[in-house]
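Secondary and tertiary structure notes
Okay, here's what each chain looks like letter by letter:
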Amino acid sequence: MTDVVEIYTDGACSGNPGPGGWAAILVARGVEKVISGSEGSTTNNRM
């Protein structure tokens, strides 16, 4: 049996370039893990 991992992601920045952030939620076997990060000066494509 293969384990299934669901991954939800999003990111944005205010201005282009500007401060930005990203986050991801990973779900496997009923357990959720949230990871996130930010950059002081970045672009919408990077986020």
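The preceding data block contains the structure.
Residues numbered from 1 in each chain as written. Predicted model: local features only at pLDDT ≥ 70, side-chain atom pairs only at ≥ 80, totals over all residues. Heavy atoms only, no water.

Further remarks concern the environment of Pro17. Its place among the elements puts Pro17 in the loop between strand S1 (6-13) and strand S2 (18-28). Residue class for Pro17 comes out exposed when judged on its relative accessible area of 58%. Linking Pro17 and Ser38, residues 21 residues apart in sequence, is a C-alpha distance of 13 Å. Non-local contacts of Pro17, meaning those with residues more than four positions away in its chain, are made with Ser41, Thr42 and Thr43. (Helix = DSSP H or I, 4+ residues; strand = E, 2+ residues; numbered from the N terminus. Buried < 20%, exposed > 50% of the residue type's maximum accessible area, 1.4 Å probe, protein only. Contact = heavy atoms within 4.5 Å.)

What follows concerns the side chain of Thr42. Along the chain, Thr42 falls in strand S3 (residues 31-42). A distance of 3.4 Å separates the side chain of Thr42 from the side chain of Arg46, its partner in a polar contact. The contact partners of Thr42, leaving out residues within four places of it in the chain, are Cys13, Asn16, Pro17, Gly18, Pro19, Gly20 and Met47. (Polar contact = N/O pair within 3.5 Å; in protein donor to acceptor, adjacent residues only side chain to side chain.)

These values are about where atoms sit, not about what they do.
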